[in-house]
Amino acid sequence: MSLEKRVEATAKNIEGKVQEAFGEITGNPRQKAEGQAKQAEAQIEHTVENLKDEVKRVFD
């Protein structure tokens, strides 16, 4: 629904991927886990936006 929310979620996903990779390269499990958590949050945000779109489409 909101392009702004989708862009924010995509940016968070990319940030999480970079952080996870950095944690993997440096051997820092905390960085890796935080990156994975950001990616999971981004996926949830995308799912919420998809659900909003579906609801809107059904009721329009």
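Residues numbered from 1 in each chain as written. Predicted model: local features only at pLDDT ≥ 70, side-chain atom pairs only at ≥ 80, totals over all residues. Heavy atoms only, no water.

### Here we look at the UniProt feature "coiled-coil region" (unreviewed entry) in the chain
Selection criterion: UniProt positions are given in the numbering used here, feature names are shortened, and annotations may be inferred rather than shown by experiment. Numbered from the N terminus, helices here are DSSP runs of H or I no shorter than four residues, and strands are runs of E no shorter than two.
Taking the UniProt record as the reference, the feature "coiled-coil region" (unreviewed entry) is found at residues 30-57. Taken end to end, residues 30-57 has its terminal C-alpha atoms 41 Å apart, with 100% of it in helix and 0% in strand.

### Description of the environment of H46
Rules: Residues are treated as being in contact if the distance between any of their heavy atoms lies within 4.5 Å.
Take H46: it is sitting in helix α2 (residues 29-59). Residues contacting H46, with those up to four places away along its chain left out, are R6, A9 and T10.

### Focus on the side chain of Q39
If you trace the backbone, Q39 turns up in helix α2. When residues no more than four places from it in sequence are discounted, the contact partners of Q39 are N13, G16, K17 and E20.

### Considerations on the UniProt feature "domain: CsbD-like" (unreviewed entry) in the chain
Sequence positions flagged by UniProt for "domain: CsbD-like" (unreviewed entry) are, in local numbering, residues 6-57. With 96% helix and 0% strand, residues 6-57 has its two end C-alpha atoms placed 17 Å apart.

### Topic: helix α1 (residues 3-26)
Put simply, the rule reads: Here a helix's expected span is defined as the number of its residues, less one, multiplied by 1.5 Å. Three exposure classes are used, based on accessible area relative to the maximum for each residue type with a 1.4 Å probe and protein chains only: buried under 20%, partly exposed in between, and exposed over 50%.
Between the first and last C-alpha of α1 there are 34 Å, a value that for 24 residues agrees with the 34 Å anticipated at 1.5 Å per step. Among the residues of α1, R6, A9, G16, Q19 and G23 are the ones counted as buried. If you follow the buried residues of α1, they end up packed against α2. A positive backbone phi angle near 75° is found at G27, which sits one or two residues after α1.

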